[in-house]
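The chain contents come next:
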Amino acid sequence: MRPIGAPRGVLLGVALGVAACGGGGGGGVIAPVQNDVRIEASPLTITGDDGELLVSLSDDLRTPPALLQVAIALPPQLRLPAADRLQQARPLTTLDGDTVDGAFVVLCGDAVNAAATPLGAGPLFRLRLQPTQPRTPGTYQVQLREVRASTADGASLAAASAPLSVPVTLQD
């Protein structure tokens, strides 16, 4: 399944903005719910061939989203493996990712059911990272940005606008 295709990002925008989780159907503009959806990730140290960046939803939400999108930008010293790069940290109806305009864009939550269950606070997914070759030890910043979220009925939720910078340290 590739919800981020044709042309890049169009279907994802439709899923989040118009009919998130199968809702929608009415006319008019959907006003954003006043809320700041924030994601979190802890610093990561990679000592071997790879490491997993755990991305979570913050626990201070008034209205939790049912569907969430985030773009992840990697520094040149890190890359995604060809396989098994994205894994659920808890059961999710939808978890998909693809490269769009130089960032890896992840869609998670429930983009299928009209009565989608909102995402609760806590871990969402793991993104496996590998050092590029030649390996250059040091600390590098992974950027989590362009967070978009919506409720089950398609209402957009305000998201923290500042990118989240997560330090990833490569050791010998």
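None of the values given here were measured: they were computed from a predicted structure.

Visitor: Can you lay out the environment of Val 168 for me, pointing to particular residues and giving the numbers?
Guide: Among the secondary structure elements, Val 168 is positioned in strand 13 (residues 164–170). We classify Val 168 as buried; its relative accessible area is 0%. Sequence separation between Val 168 and Val 142 is 26 residues, and the spatial gap between their C-alpha atoms is 6.9 Å. Residue contacts for Val 168: discarding those within four places in its chain leaves Leu 44, Ile 46, Leu 78, Leu 129, Gly 138, Thr 139, Tyr 140 and Val 142.

Visitor: Could you give an account of the pairing of strand 9 (residues 103–109), with specific residues and numbers?
Guide: Burial analysis of strand 9 places 7 of its 7 residues in the buried class, which makes it a mostly covered element. Residues Ala 103, Val 105, Leu 107 and Gly 109 point to one face of strand 9 and Phe 104, Val 106 and Cys 108 to the other, with burial holding for every one of them. The pairing of strand 5 (residues 67–73) with strand 9 spans 6 bridges and is antiparallel. Within the sheet, the bridge partner assigned to Leu 67 lies in strand 9 and is Gly 109. Pairing of strand 8 (residues 94–100) with strand 9, which is carried by 7 bridges, proceeds in the antiparallel orientation. What sits directly across from Asp 96, in strand 9, is Leu 107. Hairpin geometry of strand 8 and strand 9 is characterised by an intervening segment of 2 residues between the two adjacent antiparallel strands and by a positive phi of about 50° at Asp 101.

Visitor: I'd like to hear about the nonpolar core, residue by residue, with values.
Guide: If you look at soluble globular proteins, the nonpolar side chains tend to sit buried side by side. Counting 33 residues, the largest nonpolar core has Leu 68, Phe 125, Leu 129 and Leu 144 as the members making the most contacts within it. Every element with two or more residues in this core is listed here: strand 2 (39–41), strand 3 (44–46), strand 4 (51–57), strand 5, strand 9, strand 10 (122–131), strand 11 (138–150) and strand 13. The biggest single contributor to this core is strand 11, with 5 residues. Among residues more than four places away in sequence, those in contact with Leu 144 are Ile 39, Leu 53, Val 55, Val 70, Ala 71, Ile 72, Pro 163, Leu 164 and Val 166.

Visitor: Describe the environment of Ala 116, listing the residues and the values that go with them.
Guide: Residue position: Ala 116 is located in the loop between strand 9 and strand 10. Residue Ala 116 is classed as buried on the basis of its relative accessible area of 7%.

Visitor: Give a detailed account of unusual backbone geometry, specifying residues and quantitative values.
Guide: A cis amide bond links Gln 133 with the next residue in sequence, Pro 134, at an omega value of 0°. If you trace the backbone, Pro 134 turns up in the loop between strand 10 and strand 11. A positive phi is found at Asp 101, a non-glycine position, where the angle reads about 50°. Looking at the secondary structure, you find Asp 101 in the loop between strand 8 and strand 9. Of the residues examined, Asp 101 reaches a relative accessible area of 74% and is grouped as exposed.

Visitor: Before we move on, can you summarise the environment of Ala 149 with the specific residues and values?
Guide: Locating Ala 149 in the fold gives a position in strand 11. The exposure class assigned to Ala 149 is buried, which follows from its relative accessible area of 5%. Taking the C-alpha atoms as reference points, Ala 149 and Leu 107, 42 residues apart in sequence, are found 9.5 Å from one another.

Visitor: Could you give an account of the pattern of salt bridges, with specific residues and numbers?
Guide: Scanning the entire structure with this criterion turns up 3 salt bridges. Taking the shortest distance from any N to any O, the salt bridge between Arg 126 and Glu 52 comes out at 3.5 Å. Residue Arg 126 is found in strand 10, and its partner Glu 52 is found in strand 4; the two are separated by 74 residues along the sequence. Glu 52 sits in the partly exposed class, given a relative accessible area of 37%.

Reading guide: rules and limits
- Residues numbered from 1 in each chain as written.
- Predicted model: local features only at pLDDT ≥ 70, side-chain atom pairs only at ≥ 80, totals over all residues.
- Heavy atoms only, no water.
- Helix = DSSP H or I, 4+ residues; strand = E, 2+ residues; numbered from the N terminus.
- Buried < 20%, exposed > 50% of the residue type's maximum accessible area, 1.4 Å probe, protein only.
- Contact = heavy atoms within 4.5 Å.
- Pairing = 2+ DSSP bridges.
- Core = buried A, V, L, I, M, F, W, Y, C linked by side-chain atoms within 4.5 Å.
- Salt bridge = Lys/Arg side-chain N within 4 Å of Asp/Glu carboxyl O.

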